[in-house]
Amino acid sequence: MSENSISSKQELIPAQDSPVPDPLEGVNFGELELSLYRPRTLFSVILSWVVAAMTFLALIPLFAVLWMLIWRGGQRLSVALFTQLPPAPLEQGGGFGNAIIGTLIMVGLAGLISVPVGILTGVFLAQAKDSKLAGTVRFAAKVLTGFPSILAGVFAYGAVVLATGGFSAVAGAIALSILMLPTIILTSESAIAMVPAKMKEASIGMGATGAQTVWMVLLPTAMPGILTGIMLAVARAAGETAPLLFTALFSNYWLASNGRVDLMQPTASLAVLIYNFSGMPFANQVELAWAGALVLVLIVLIFNLIGQSLSHPQIHQQ
Amino acid sequence: MASISRRARVRAEVASWNPGQIWQPPTRAQRWYDGAFRRLCFTFAAFTILLIAWLVLEIAFRAVPAFRQYGLGFIYSTTWDPNKAQYGILPEIWGTLYTSLLAVVIGSAFGVAAAIFLSERYLGEAVFKGLKFFNLHLHPIWGKLPDRLELLLKNLIELLAAVPSVVYGLWGLFVIIPMIRPACNWLHEQFGWFPLFSTTLSGPGVLPAVFVLSIMILPTITAISRDALVSVPPKLRMAAYGLGATRWETILGVLLPTASRGIFGGIVLGFGRALGETMALAMLVGNANRLTVSLFSPANTLAALLANNFPEASPKDIPVLMYAAVVLLAITLVVNIFGALVLERAAGKAEAK
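From a predicted model like this one, the values you see are computed outputs, not experimental measurements.

Caption draft 1: Layout of the overall build of chain B. Helices and strands together make up the secondary structure of chain B, namely 15 helices and two strands. On C-alpha atoms alone, chain B measures out to a radius of gyration of 28 Å, which is more than a quarter above the 20 Å that the 2.2 N^0.38 rule sets for 353 residues. Taking the principal axes of its C-alpha atoms as reference, chain B extends roughly 85 × 70 × 40 Å. Taking all 353 residues of chain B together, the buried fraction comes to 48%. The contacts of chain B with a sequence gap of at least 6 include a subset with a gap of at least 24, amounting to 75%. Surface summary for chain B: the accessible area is close to 17800 Å², and the carbon and sulfur share equals 67%. Across chain B, 29 positive and 18 negative side-chain charges occur, with their mean positions spaced 10 Å apart.

Here it is in C-alpha cells:
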C-alpha cells in the first residue's frame, strides 16, 4: 500500500530545470514508511511496549501485598481480634482491640489540631494569594510534605515527652498532626482557589464581610476538595509508625481504666503493633501482625478511596 | 421537580423577609468578627512557618550537649558503642545515602516510565481501539470507559503510596527476603569478586530494603513527572508529529527535554522521601553498624538508627540521638528545599511560555 502512495507522490512533482531546488530531492520516501521493518518505527513500538510493561510491573507489588494480606491476615480475621487485648509471649489467641481504639483516638486528636489550622491557613493562602507571607507559607507547606515522619516523632519526643515526663497519646497525636498539616493546607488552598471568582465577587458585592464570604460561599463550595485533603491526611496518619514509636510507645492494656480515659499514658496503635509483633519469634504474634496489617490497610484504603471519589465528583455524577 | 419546589421555597422565604432587616451595613459585632477571623487566618499561616523553625530549633537545642562533646568527629567516625560512650554515624550516613540513591535509580526508571505511559494515553487508546474493533465505539454506556480506565490506573499507582510503610516492611520481611535469598546467594557464589555481591544475604540486607524503598517512592516520582509531561504545550507535540517524528522521537526529543525540570524535581523529592523513610528500612536493612557497598550485607540508616534507639534511650543517650536527628534533618531539608525550588522554577517557566 505504501509503495503505491510513494510512487504516485513522485509522479505528482515532475523534475524541472528550474533554479529552485526540488525540496523533495534526496528524500528517501521508503524511510518515512510506517512499518515495523523500519528501525525508527520498530524502536518506537518496542519502547511503547517496554513502558507499558514497566507500568504494570510497578503495580505488581500493590497486588502482591494485598494478596498476602488477605491470604495470611484473613485466616485470623474474627470478632475476637477487635475485642481482645494483645497476647503475652507464648499465649494463644488474643486480638488488638486496644490498638484500633488507640489509632482512632490519636488520629482523631491529630485531626482536631491540624484540620482547623490547615483549613484556615488554606483560606489565608487562597485569599492573600500574592502576598509575600503567602508565598513563604506555601513553600513551607511544600517542604513539610517531604518532612521525614520520624523527625516529627523526634520533635514530639523533645517537645512533649521530655516536657511532660512520659510517653502519651497526646505526644503521638501532636507528631501525627505535623504530618497531616501540609496535606490539608495545600489541598484546601487549591480547593478554595478553584471556587469561581464570580461567586466570591457576588458575595462581596452583596455586602457580605470577608468572614461571611469565607463561611457561606467559599468553604461550602470548596468542601469536597477540602474533605479529600482531610481524608488523604487521615489515611496517611493512620498508617504512620515512625512518629508513634517513641511518642505513644505501646501498651498492652485498654486506654480507659476504671471508666476514665487517660490520654497521658502510653497508648497502643495498630502500626506499632505490627512493627513489634513482626519481630517476635512466636507464630501467634506474627499471625496477629498480618491480621493487624490487613485491618490497617483496609482502614487506610477506605479513607483513600473516599478521598479519591470526592475529588472527582464530575466524573462520578455523570 | 425538586429544584423547582426548592426555588419556590426560597422565593417564599425571600418574600417574607423584612427589607429593613437585611439591607443594613454589617453590625459592629460582624465587623469585629470579620477582623478577628482575618487575624486568626493570618496567625495560623504564620504558625506554619514558625512550626518549621520550632521543629529545627527544638531538635538542634537538644543536640547541643552532644555537639559540644563529640564535635564534628561524630559525623566521620564509625563506632557506635554506648557502653564506651563512643558514637559515630558515618556508616548510617553512608547507608542512608546509598540505599536512597539505589532506590531512586530504580524508582525513577519505573516511575518515569509509568508517567509516560499514563500521560501518553496509551491505555485509553488501546481500549478505544478494542471497542472500535467490535464496532462498539461512541456509545454513551462505555464511551467514558477509556477515560475511566486511565483514571483507575493513575489511582492504583497512587495507592502504592497509600500502603503504610510498616506493611511493606512486614511484606518484605516474610515474602521478599525468602524469595530473593536463593538468587542473591547464587550471585554471591558466582560473582563474589564483584563488590556489590561480596557477601551472602543471610536475612535483612540492603537489597530488600532498596527494593521496598523504590516501590514506596515510585508514586511520588510518577505523579510529579506526569504533571510535568501533561503540562507540556500541545503545540510542541503537534509540531514534532508534523515534522514526521515517530511517537518516541517526540517523547525523547521534545516532551522529556521540555518536562525535564519537573521530572528532575520529582526525582529529587522522591530522593528526599527515601532519605527520611523509616519503618521499611528499620525492618529490612538489618541494623548493622557497617560501612559496606555489598547489596546483600546488612547495614543501617539514620532513620532506622533513631527508630531503634529512641524508645529505650537513657537520658545521656538522648543528646547523641538528637545529634543524629539533626544530621538527618539537615540532609532531608536541603534535598527537599532543593526539590521544591526546582519544581517552583519549572512551574514558573511553564507559566511564562
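Caption draft 2: Local environment of the overall build of chain A. Within chain A one finds 13 helices and two strands. Counting all 318 residues of chain A, 49% fall into the buried class. When contacts within chain A are restricted to residue pairs at least 6 apart in sequence, those whose partners lie at least 24 apart make up 71%. About 15000 Å² of surface is accessible on chain A, with carbon and sulfur atoms providing 67% of the total.

Caption draft 3: Inspection of helix α9 (residues 210–239) of chain A at higher detail. For α9(A), with 30 residues, the first-to-last C-alpha span of 38 Å runs short of the 44 Å given by 1.5 Å per residue. The largest bend in α9(A) comes to about 65°, at M223(A), with the proline P224(A) one to four residues further on.

Caption draft 4: Representation of the interface of chain A and chain B. Listed per partner, the contact involves 82 residues of chain A and 83 residues of chain B. Summing both partners gives a buried area of about 7400 Å² for chain A against chain B, and 80% of it is carried by carbon and sulfur. Of all residues in chain A, the largest losses of buried area upon contact with chain B belong to F139(A), F155(A) and Y275(A), amounting jointly to 8% of the total for that side. A salt bridge links R40(A) to E249(B); its shortest N-O distance comes to 2.8 Å. On the surface where chain A and chain B come into contact, there are 15 residue pairs in polar contact (both at pLDDT 80 or more). Of all the elements, helix α2 (residues 39–74) of chain A adds the most residues to the side of chain A that touches chain B, at 21 residues.

Caption draft 5: Expanded view of the packing of aromatic side chains. Residue and element names in this part refer to chain B. Taken as a whole and judged by the stated rule, the model has 26 aromatic pairs over all chains. With a centroid separation of 6.3 Å and 80° between ring planes, the pair formed by W186 and F191 is classed as edge-to-face. Judged by relative accessible area, which is 47%, W186 ranks as partly exposed. Aromatic side chains F264 and F338 sit 6.0 Å apart centroid to centroid with 85° between the ring planes, which places their arrangement in the edge-to-face category. With a gap of 74 residues between them, F264 in helix α12 (residues 260–276) and F338 in helix α15 (residues 318–352) connect regions that are remote in the sequence. For F264, a relative accessible area of 41% translates into the label partly exposed.

Caption draft 6: Broad picture of the environment of A193(A). Position of A193(A) relative to the elements: it lies in helix α7 (residues 169–193). Expressed as a C-alpha distance, the spacing of A193(A) and L218(A), which sit 25 residues apart in the sequence, is 8.8 Å.

Caption draft 7: Molecular detail of unusual backbone geometry. Residue and element names in this part refer to chain B. Within the chain, A85 stands out as a residue other than glycine whose phi angle is a positive 55°. In this structure, A85 sits in the loop between β1 (80–81) and β2 (86–87). Here the phi dihedral of N287 falls at roughly 50°; this positive angle occurs in a residue that is not glycine. As for its placement among the helices and strands, N287 is situated in the loop between α13 (279–284) and α14 (302–309). Assessed through its relative accessible area of 33%, N287 is described here as partly exposed.

Caption draft 8: Broad picture of the packing of α2(A) against helix α11 (residues 247–258) of chain B. The N-to-C vectors of α2(A) and α11(B) enclose an angle of 75°; their axes lie 7 Å apart at closest approach. Relative to α11(B), the element α2(A) is oriented roughly perpendicular. Of the residues in α11(B), those in contact with R40(A), F43(A), S44(A), L47(A), S48(A) and V51(A) of α2(A) are R247(B), W248(B), E249(B) and L252(B). Considered class by class, the residues forming the contact of α2(A) with α11(B) number five nonpolar, two polar and three charged.

Caption draft 9: Representation of the pattern of salt bridges. All names here are of chain B. The tally for this structure, following the rule as stated, stands at 14 salt bridges over all chains. The closest approach of N and O atoms between R121 and E150, which form a salt bridge, is 3.5 Å. With R121 in the loop between α5 (90–119) and α6 (122–133) and E150 in helix α7 (residues 145–162), the pair connects residues that are 29 residues apart, well separated along the chain. Residue classification places E150 among the buried positions, given a relative accessible area of 9%.

Caption draft 10: Quick look at the confidence of the model for chain A. Residues and elements named next belong to chain A. Scored by pLDDT, chain A comes out at a mean of 86, with 90% of its residues at no less than 70. Overall, residues 1–8 carries pLDDT values under 50, and its contacts beyond four positions in sequence, including any with other chains, amount to three contacts. Contacts for the low-pLDDT stretch residues 314–318, under 50 throughout, to residues beyond four places or in other chains number five contacts.

Caption draft 11: Just the side chain of T222(B), in detail. Along the chain, T222(B) turns up in helix α9 (residues 206–230). Not counting chain neighbours up to four residues away, the residues in contact with T222(B) comprise G111(B), A114(B), A115(B), L118(B) and I157(B).

Caption draft 12: Region of the structure containing empty space enclosed by the protein. Residues and elements named next belong to chain B. If you walk through the whole model with that rule in mind, you get one cavity of 30 Å³ or more. L118, K154, I157, E158, P219, T222, A223 and R226 together form the lining of the largest cavity. Among the elements of the structure, α7 and α9 are those that each provide at least two residues to the lining of the largest cavity. Among the residues making up the lining of the largest cavity, the classes are represented as four nonpolar, one polar and three charged.

Thresholds, definitions, all that
Residues numbered from 1 in each chain as written. Chains lettered and ligands numbered in written order. Predicted model: local features only at pLDDT ≥ 70, side-chain atom pairs only at ≥ 80, totals over all residues. Heavy atoms only, no water. Helix = DSSP H or I, 4+ residues; strand = E, 2+ residues; numbered from the N terminus. Rg over C-alpha atoms; globule rule 2.2 N^0.38 Å. Buried < 20%, exposed > 50% of the residue type's maximum accessible area, 1.4 Å probe, protein only. Contact = heavy atoms within 4.5 Å. Areas by Shrake-Rupley, 256 points an atom, 1.4 Å probe, with all protein chains shown as cover. Lys, Arg positive; Asp, Glu negative; His and termini not counted. Charge placed at Lys NZ, Arg CZ, Asp CG, Glu CD. Expected span 1.5 Å × (residues − 1). Bend = angle between axes of the 7 residues up to and from the residue. Buried area = accessible area lost by both parts, 1.4 Å probe. Salt bridge = Lys/Arg side-chain N within 4 Å of Asp/Glu carboxyl O. Polar contact = N/O pair within 3.5 Å; in protein donor to acceptor, adjacent residues only side chain to side chain. Phe/Tyr/Trp six-rings, centres within 6.5 Å; stacked < 30°, edge-to-face > 60°. Axes fitted to C-alpha atoms, helices over the stretch in contact; angles between N-to-C directions. Parallel < 35°, antiparallel > 145°, perpendicular 65-115°, else oblique. Nonpolar A, V, L, I, M, F, W, Y, C, P; charged D, E, K, R; others polar. pLDDT = per-residue confidence, 0-100. 1 Å grid on protein atoms, 1.4 Å probe; cavity = no way out; pocket = protein on both sides within 12 Å on 5 of 7 lines; lining within 4 Å. Points joined across faces, edges and corners; volume = space filled by probe spheres on them.

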